[in-house]
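Summary of the model geometry
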Amino acid sequence: LPVEGNPGRIFARVKWSDGTFQDVSTGLIPDENELKVTSNTSSLVVIAPTSIQQHWQVRVANGAEAECGDLLEVDLLMCNQSVQETVVPVVVDVPKATHIVLTIDEIRLTPADNDARHWPISVREFAGLNVMVHYEQGLPRDLTLDA
């Protein structure tokens, strides 16, 4: 997963003792048979499905750091009992920022108690700050509203 906010769906399949496989990504009924997914890192946010037809998702968190390892845990529950647990290796490959461009949308400002803020001079007391981050690879991203 290469960029903050990028989502990925989780597909899960179980192999039973008789050698058959079953897709358990969707269609499980909560509180009877269900998949539980948890993140072992603050770089990944797990999103539970809102219906039995949807997949679990994982999203790269804001402020995520590049890392690799067993970053997710998946537990298959049948009748509220764990029947299979596993870890999922994930690569969070967030590119490094090369530079940041800050732009202010006013060329001059005045203190709030200065008369220059009134007509006819009308100098603003505040300005917006725009933040554009450039990365090693890919297009720059506007992070002005990033929390």
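Residues numbered from 1 in each chain as written. Predicted model: local features only at pLDDT ≥ 70, side-chain atom pairs only at ≥ 80, totals over all residues. Heavy atoms only, no water.

This part takes up the overall build of the chain. Within the chain one finds 0 helices and 11 strands. The linear arrangement of helices and strands in the chain, starting from the amino end, is β-β-β-β-β-β-β-β-β-β-β. Relative to the 2.2 N^0.38 estimate, which gives 15 Å for 147 residues, the radius of gyration of the chain is 24 Å and therefore markedly larger than a compact globule would have. Its C-alpha atoms put the chain at 85 × 35 × 20 Å along the principal axes. Residue burial in the chain is summarised as follows: out of 147 residues, 25% are buried. Long-range contacts, defined here as pairs at least 24 residues apart, represent 51% of the contacts in the chain between residues at least 6 apart. Here the chain has roughly 10100 Å² of accessible surface; of this, 53% comes from carbon and sulfur atoms. (Helix = DSSP H or I, 4+ residues; strand = E, 2+ residues; numbered from the N terminus. Rg over C-alpha atoms; globule rule 2.2 N^0.38 Å. Buried < 20%, exposed > 50% of the residue type's maximum accessible area, 1.4 Å probe, protein only. Contact = heavy atoms within 4.5 Å. Areas by Shrake-Rupley, 256 points an atom, 1.4 Å probe, with all protein chains shown as cover.)

A word on the sheet that holds strand β1 (residues 7-10). The sheet built from 3 strands is open, its strands ordered β1-β6-β5 with antiparallel pairing. The open sheet is flanked by β1 and β5 (44-47), the only strands paired with a single partner. When strand polarity is set aside, the average angle formed by the axes of neighbouring strands in this sheet is 25°. Strand direction decides the pairing type here: β5 and strand β6 (residues 56-60), joined by 4 bridges, are antiparallel. Bridge pairing in β6 places Val46 opposite Val58. (Pairing = 2+ DSSP bridges. Axes fitted to C-alpha atoms, helices over the stretch in contact; angles between N-to-C directions.)

All right, on to the sheet that holds strand β4 (residues 33-39) then. Ordered by their spatial adjacency, 3 strands build an open sheet running β4-β7-β8, and the pairing between neighbours is antiparallel. What marks the edges here is a single partner per strand, and that holds for β4 and β8 (81-92). In this sheet, adjacent strand axes meet at a mean angle of 20° when their direction is disregarded.

To continue, consider the pairing of β6. Only one face of β6 is buried, namely the one carrying Trp56, Val58 and Val60, since none of Gln57 and Arg59 on the opposite face is buried. In terms of strand pairing, β1 meets β6 through 4 bridges, oriented antiparallel. Residue Arg9 lies in a different strand from β6, and its bridge partner there is Gln57.

Before going further, it helps to examine the side chain of His55. Tracing the sequence through the fold places His55 in the loop between β5 and β6. The exposure class assigned to His55 is buried, which follows from its relative accessible area of 16%. Setting aside its immediate chain neighbours within four residues, His55 contacts Arg9, Ile10, Phe11, Ser25, Thr26 and Pro49.

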